[in-house]
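# Summary of structural features
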Amino acid sequence: KEILRTSNFIARLPGTERPDETIVFSAHWDHVGVNHNAPGEDKIFNGAWDNASGTVGVVEMARQFAKAGPAKRSIVFLHVTAEEQGLLGAYAYAADPVYPLETTVANINIDMLPITGLTHDLPIFGKGQNTLEDELQVLAQTQNRYVSDDGQPEQGFYFRSDHFAFARAGVPALMPWHGIDWVEGGKEVGKKAWDDKFRADYHRPTDEWSEELKFDSAVQNLTLLYRLARDLADGNSWPQWKPMSEFGQVRARTNTAR
């Protein structure tokens, strides 16, 4: 039996007025390692897209928040481990949080930034779950974009990345995904490109850095996520689970803490 020891990494920008109220950005820093049975000479699963892109996104959020100056609420930047092994790092944090979950305002999770040109759509996992999507929609309109679902409900994506550990614990959680309604080419071109990219590189050694990668859509998304988090961090609101969400009852248990 082999025992592996690994760690979550965390950083925090304390709030000036309500430091005990926290917005958490998260991304997983692990990938799937080496596959000696993979075809070809390259056996290393580099994980440039999944999830170096997400970890870079969280680092960039930290950079921008630090540059802009402190907010009223605290901002936490959490890199979790062992997502590929079953969200173990995220579950570990939720079970023993560094900052109380009852006063965690929201979780914004970045797992695989879009690496395409500009898009009209901004899909999210779990559309219809909480009011973060409504706030994101208002902001998306400034880019002439719209929030949509991920288009693959049968995949159960909302339950398969690190934000779910927060959602299960009652914290409103949001995870943006990859748009397919391209500004240049529309859905017909965008959907085929997405399918081709996912089939070719997801959890494969070919998921590596290339100068041909595009980051236009990633910048679009990160800009909106920054604005969303900044509004939350400088405001007083508490995002809510929608009436049909199964997670609202969990959050309600700690209502007196907020």
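Our subject is the structure that appears above.
Residues numbered from 1 in each chain as written. Predicted model: local features only at pLDDT ≥ 70, side-chain atom pairs only at ≥ 80, totals over all residues. Heavy atoms only, no water.

### Focus on the packing of helix α3 (residues 132–140) against helix α6 (residues 216–234)
What counts is decided by this rule: Here an axis means a line fitted to C-alpha atoms, over the contact stretch when the element is a helix, while the angle between two N-to-C directions is reported on a 0 to 180 degree scale. The secondary structure listing takes helices from DSSP runs of H or I that are at least 4 residues long and strands from runs of E that are at least 2 residues long, numbered from the N terminus. In this scheme, roughly parallel covers angles under 35 degrees and roughly antiparallel covers those over 145, while 65 to 115 is roughly perpendicular and the rest are oblique. Two helices crossing with the near one rotated counterclockwise from the far one by less than a right angle form a left-handed crossing, whereas a clockwise rotation gives a right-handed crossing. Every residue pair with non-hydrogen atoms within 4.5 Å of one another is taken to be in contact. Residue type decides the class: Asp, Glu, Lys and Arg count as charged, Ala, Val, Leu, Ile, Met, Phe, Trp, Tyr, Cys and Pro as nonpolar, and the leftover types, Gly among them, as polar.
Packing of α3 against α6 leaves a shortest axis separation of 10 Å and a crossing angle of 120°. Taken together, α3 and α6 sit at an angle that is classed as oblique. In this structure, the crossing between α3 and α6 has a hand that is right-handed. In contact with Leu 132, Glu 135, Leu 136, Leu 139 and Ala 140 of α3, α6 contributes Leu 224, Arg 227, Leu 228, Asp 231 and Leu 232. Residues that form the contact of α3 with α6 fall into these classes: seven nonpolar, no polar and three charged.

### Some details on the environment of Pro 39
Note the following rule: Relative accessible area decides the class of each residue, using a 1.4 Å probe on protein chains only: under 20% of the type maximum gives buried, over 50% gives exposed, and in between gives partly exposed.
As for its placement among the helices and strands, Pro 39 is situated in the loop between β2 (18–28) and α1 (48–68). In this structure Pro 39 comes out as exposed when scored by relative accessible area, which is 75%. Counting along the chain gives 166 residues from Pro 39 to Pro 205, while the straight-line C-alpha distance between them is 9.3 Å.

### Observations concerning the packing of aromatic side chains
Short version of the rule: Note on aromatic contacts: the rings of Phe and Tyr and the six-membered ring of Trp form a pair at centre separations within 6.5 Å, being stacked when their planes are under 30 degrees apart, edge-to-face when over 60 apart, and tilted otherwise. In our convention, an over-ring charge means Lys NZ or Arg CZ found within 6 Å of a ring centre and within 35 degrees of that ring's normal.
This structure, assessed with the given rule, holds 19 aromatic pairs. Ring centres 5.8 Å apart and planes at 40° place the aromatic pair Phe 157 and Trp 177 in the tilted group. With Phe 157 in the loop between β6 (146–149) and α4 (163–168) and Trp 177 in the loop between β7 (173–174) and α5 (186–201), this residue pair connects regions lying 20 residues apart in the sequence. The exposure classification of Phe 157 matches that of Trp 177, with both residues buried. Ring geometry for Trp 241 against Phe 247: centres 5.2 Å apart, planes inclined by 50°, an arrangement best described as tilted. The buried category is assigned to Trp 241, whose relative accessible area is 11%. Using a relative accessible area of 5% as the deciding quantity, one classes Phe 247 as buried. A cation over a ring is seen here: Arg 73 above Trp 238, with NZ or CZ 4.8 Å from the ring centre. The lysine or arginine in question, Arg 258, covers the ring of Trp 238, its NZ or CZ lying 6.0 Å from the ring centre.

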